[in-house]
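Fold and geometry: a report
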Amino acid sequence: MNTTRRALLAAGASLALARPALAQAAPKVVVIGGGFGGATAARALHRGGLDVTLVEVNPTYVACPFSNEVIAGLQPMAAQRFGYEGLARAGIRVVHAAATGIDAGARRVTLADGTTFPYDRLVLSPGIDLRFDAIPGYDEAAAARMPHAWKAGEQTLLLARQIEAMPEGGTVVLAVPGNPYRCPPGPYERASLIAHVLKTRKPRAKLILLDAKDTFSKQRLFQSAWATLYPEQIEYVPLAEGGQVSAVEPDAMIVRTDFAEYKADVACIIPPQRAGRIAIVAGVADRSGWCPIDPVTFESRLVPGLHVIGDAAIAGAMPKSAFSANAQAKVCAAAVIDLLAGRAPETPKLINTCYSLVAPGYGISIAGVYHPAGGVLADVEGAGGISPVDAPRSLREQEALYAADWYRTITRQVFG
Amino acid sequence: MKLFPMVAACLLAGPVGVASAAERPPPGASSCAGCHAEGAAMGAIDGRPEAEIAAALAAYRSGTRPDSVMGRIAKGFSEAESQAIAAYLARQGQP
Ligand SMILES: Cc1cc2nc3c(=O)[nH]c(=O)nc-3n(C[C@H](O)[C@H](O)[C@H](O)COP(=O)(O)OP(=O)(O)OC[C@H]3O[C@@H](n4cnc5c(N)ncnc54)[C@H](O)[C@@H]3O)c2cc1C
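Residues numbered from 1 in each chain as written. Chains lettered and ligands numbered in written order. Predicted model: local features only at pLDDT ≥ 70, side-chain atom pairs only at ≥ 80, totals over all residues. Heavy atoms only, no water.

1. Digging into the overall build of chain A
Just so we agree on the cut-off: Helix and strand definitions follow DSSP, with helices as H or I runs of at least four residues and strands as E runs of at least two, each counted in order from the N terminus. The globule rule used for comparison is 2.2 Å times the number of residues to the exponent 0.38, while the radius of gyration itself is calculated over C-alpha atoms. Only protein chains enter the accessibility calculation, which uses a 1.4 Å probe. A residue is then buried if its area is under 20% of the maximum for its type, exposed if over 50%, and partly exposed in between. Whether two residues are in contact is decided by their heavy atoms: any pair within 4.5 Å suffices. Only the protein chains shown count as covering a residue, and every accessible area follows the Shrake-Rupley method with a 1.4 Å probe. A residue counts as positive if it is Lys or Arg and as negative if it is Asp or Glu; His and the chain ends are not included. Every charge is mapped to an atom, namely NZ of Lys, CZ of Arg, CG of Asp or CD of Glu.
Secondary structure assignment for chain A yields 11 helices and 25 strands. For chain A, whose C-alpha radius of gyration is 22 Å, the value lies close to the compact-globule estimate of 22 Å for 416 residues. Seen through its C-alpha atoms, chain A measures out along the principal axes to roughly 70 × 50 × 35 Å. Residues classed as buried in chain A amount to 60% of the 416 residues present. Long-range contacts, defined here as pairs at least 24 residues apart, represent 65% of the contacts in chain A between residues at least 6 apart. With the model as given, the accessible surface of chain A reaches about 15700 Å², and the carbon-plus-sulfur share is 53%. Of the side chains in chain A, 40 bear a positive and 37 a negative charge, and the two mean positions are spaced by 6 Å.

2. Considerations on the nonpolar core
Soluble, globular proteins show a tendency: their nonpolar side chains are buried together. Residue and element names in this part refer to chain A. To be explicit about the condition: For the purposes of this section, nonpolar cores are sets of buried Ala, Val, Leu, Ile, Met, Phe, Trp, Tyr and Cys residues that join through side-chain atoms within 4.5 Å.
Of all hydrophobic cores here, the largest spans 137 residues; its most connected members are L45, I102, L124 and W226. Sort the elements by how many residues they give to this core and helix α10 (residues 322–340) lands first, with 10 residues. In this structure, L45 is in contact with V29, V31, L50, V52, V123, A333, V336 and I337, ignoring residues within four places of it in sequence.

3. Focus: the sheet that holds strand β6 (residues 99–103) of chain A
By definition, the strands of a sheet pair up through backbone hydrogen bonds, in either a parallel or an antiparallel sense. Residues and elements named next belong to chain A. To keep things clear, this is the line we draw: A pair of strands is treated as paired once DSSP finds two or more bridges between them. Lines fitted to C-alpha atoms define the axes here, with helix axes fitted over just the stretch in contact, and angles between the N-to-C directions of these axes take values from 0 to 180 degrees.
Strand order in this open sheet of three strands is β6-β7-β8, and the pairing throughout is antiparallel. Edge positions in the sheet fall to β6 and β8 (116–118), since each of these pairs with one other strand and no more. Taken pair by pair, the neighbouring strands of this sheet meet at an average axis angle of 20°, ignoring direction. Inspection of the sheet shows strand β7 (residues 108–111) paired to β8 by three bridges, in the antiparallel sense. Along β8, the bridge assignment pairs T110 with T116.

4. Digging into the environment of A:Q328
Residues and elements named next belong to chain A. Here Q328 shows up in helix α10. Among the residues examined, Q328 registers a relative accessible area of 1% and is labelled buried. In sequence terms Q328 and G37 are 291 residues apart; their C-alpha atoms lie 7.2 Å from each other. Setting aside its immediate chain neighbours within four residues, Q328 contacts F298, I309, G310, A315, M318 and L350.

5. Topic: the site of the ligand
All names here are of chain A. Worth spelling out the cut-off: The nearness test applies per residue and asks whether one of its heavy atoms lies within 4 Å of the molecule or strand. What qualifies as a polar contact is a pair of N or O atoms within 3.5 Å, subject to a donor-acceptor requirement within protein and to the restriction that residues adjacent in sequence count only when both atoms come from side chains.
In the region of the ligand, 36 residues are neighbours, and E56, Y61, S125, R182 and D311 sit closest. E56 is positioned such that a nitrogen or oxygen atom in its side chain is 2.6 Å from an oxygen atom of the ligand. Within the backbone of A99, an N or O atom sits 2.9 Å from a nitrogen atom of the ligand. Contact with the protein chains hides 92% of the accessible area of the ligand, taken as 1000 Å² for the molecule alone. Where the shell around the ligand is concerned, the elements lending two or more residues are α2 (36–47), α3 (67–71) and α10.

6. Section: the interface of chain A and chain B
Cut-off, in case you're wondering: Throughout, buried area stands for the accessible area (probe radius 1.4 Å) lost by two parts on being put together, summed over both. Salt-bridge detection follows one rule: a side-chain nitrogen of Lys or Arg within 4 Å of a carboxyl oxygen of Asp or Glu.
In this assembly, 49 residues from chain A lie in contact with 37 residues from chain B. Carbon and sulfur atoms make up 60% of the surface buried where chain A meets chain B, a total of about 3100 Å² over both sides. If you sort the residues of chain A by the area they bury against chain B, A:R343, A:K349 and A:I351 come out on top, with a joint share of 20%. In this assembly, chain A and chain B are joined by three salt bridges. Residue B:R24 pairs with A:D338 through a salt bridge whose shortest N-O separation is 2.4 Å.

7. Considering α2(A)
Residue and element names in this part refer to chain A. Threshold: What a helix is expected to span follows from its residue count: subtract one and scale by 1.5 Å.
With 12 residues, α2 extends 17 Å between its outermost C-alpha atoms, agreeing within 8% with the 16 Å of an ideal straight helix rising 1.5 Å per residue. In terms of residue burial, α2 counts as a mostly covered element, since 10 of its 12 residues are buried. Among the residues making up α2, those that are buried are F36, G37, G38, A39, T40, A41, A42, R43, A44 and L45. Remark: G49 follows α2 within two positions and exhibits a positive phi of approximately 90°.

8. Overview of the pairing of strand β17 (residues 266–269) of chain A
Residues and elements named next belong to chain A. Alternating positions in β17 separate into two faces, V266 and C268 on one and A267 and I269 on the other, with burial throughout. In the sheet, strand β11 (residues 171–176) pairs with β17 via four bridges, with the strands oriented parallel. Within β17, the position partnered with A175 by the bridge is I269.

9. Side note on the packing of α2(A) against α10(A)
Residue and element names in this part refer to chain A. What counts, and what does not: Crossing chirality is assigned from the near helix's rotation relative to the far helix, an anticlockwise turn below a right angle marking it left-handed and a clockwise turn marking it right-handed. Gly is put with the polar residues, along with every residue not named as nonpolar or charged; the nonpolar set is Ala, Val, Leu, Ile, Met, Phe, Trp, Tyr, Cys and Pro, and the charged set is Asp, Glu, Lys and Arg.
At a minimum axis distance of 8 Å, the contact between α2 and α10 shows a crossing angle of 35°. Crossing angle aside, the handedness with which α2 passes α10 is right-handed. Contact residues: α2 offers F36, G37, T40, A41, A44 and L45, while α10 offers A322, A325, N326, A329, K330, A333, V336 and I337. Split by residue class, the contact of α2 with α10 holds 10 nonpolar, three polar and one charged.

10. Side note on the sheet that holds strand β1 (residues 28–32) of chain A
Residue and element names in this part refer to chain A. Here we have five strands laid out as an open sheet, ordered β5-β2-β1-β9-β20, and parallel in their pairing. Only two strands of the sheet have a single neighbouring strand rather than two, namely β5 (93–95) and β20 (306–308). On average, adjacent strands in this sheet sit at an angle of 20° to one another, irrespective of strand direction. Both β1 and strand β9 (residues 121–124) contribute to a ladder of four bridges, which runs parallel. Each bridged residue has a counterpart across the sheet, and for V31 the counterpart in β9 is V123. Relative to the sheet, α2 contacts β1, β2 (51–55) and β9, its axis offset from that of β2 by approximately 165°. In this fold α10 packs onto β1, β9 and β20, with an angle of close to 170° to the strand it touches most, β9.

It is worth stressing that arrangement in space is one thing and function is another; only the former is reported here.
Printed below as a string of structure tokens:
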């Protein structure tokens, strides 16, 4: 019997025992996805007195924030892995299985083995799926040669090994998709840290950054840092200069654009993305592949009773970040608690802060404050923005420290 | 007008322990814990005196207390909102 099945049976048994008491017990909320969004939501809903079931397919979560540091050998992979014991200890029913079906009419979630869980409200935080139909030649098999490393785990380690093994004087090609995608500054942090490895260990090697956009998050900060730190390492090709990848040939390690053909020693291809598959199954994703939501409650605009948070949601001006997913989860949980108690949910404000490491001891950040306006989450005028461009090195050091402390704090709070 | 559903809901929700409205954090306050914790460079803020938190937020907002990150965030909150956040955070972490 595999562990998933054992966990399921255990969860089923405890449910059966608890059933008589549950007949008039707390309303039931099922949360699908135990990442930054879902695990936070499960904790907040549980603290609010609800009967919470967290459905997460993997027994261990591998965090994406700081995974670029793993690729550059600056952080051990072990520091990215988190178990769910902390959530179970807090009293949350954690079921390790894939949710495969949602019957919004009957208010029931079906798992891969056919088990069903009833709910009064359902929270979806399934993260992203990579679109393996978007770039000709780039399918799941291609990702084994040209890693995306945009879901942390084996892919992260594969890219780390490839960079390590790359010959001196070699070429890394890093391809970035158009908006929207998970972690807007993430590809540029990755480019920076790979450049750091090249500069310190393979000084004749270079990185070609192919971008399907002309502007990007923290652009002035990244580009001024690159001009100082990595002038020999990074060659940036924006959309206007032919940065959009039109096809790849993984066997030949060729990356094509409409303008040129690049022969890579290492090719990291981050393809376009969409909401995790279960969101499509549930009918909460629109034709864009992402999920429209009410900005006060995160309730789906397409299927009542279902709430979508984190990367899968269309959260207006809020970027797809772990910080956002965590903040959204708390607001969504408060709204679900209010709705189940017949109270009107309060109009929220949310914060996001994203740090990027450009080099060891060199951090930069972007922050924002958001509120519901015109039916979406919009920037609060006059707030937010990026770190000062002409800051002294001491501020960069401080922000690198903040980045590391943020990661420790948030992961302890979520998985704890 | 809102009274009836609220009373009904309280009757329904009361016995099962769904958190009361009084414990709800004011807008924005729940985001703070993303960074502020014991032992972190940003420092813990739960349970600090209300006046201290409110003064810090006011100083970040006006720019008299320079800080790269909090300066950008505090400008997103009015004085009344900042006061409410300060009062809420001061109540947290206390017995
Ligand atoms: C390289 C990189 C660097 C990043 N750096 C930062 C950073 O510095 N700061 C920051 O704030 N953010 C960062 N991010 C972004 C961050 O990782 C995501 O925004 C965040 O993980 C989103 O949380 P989520 O809950 O929406 O999804 P996830 O964290 O992806 O969680 C989704 C979970 O749902 C589970 N799941 C999906 N479908 C099912 C199903 N059907 N049944 C059961 N379980 C299911 C998955 O297994 C997964 O555990 C980075 C991302 C990358 C790629």
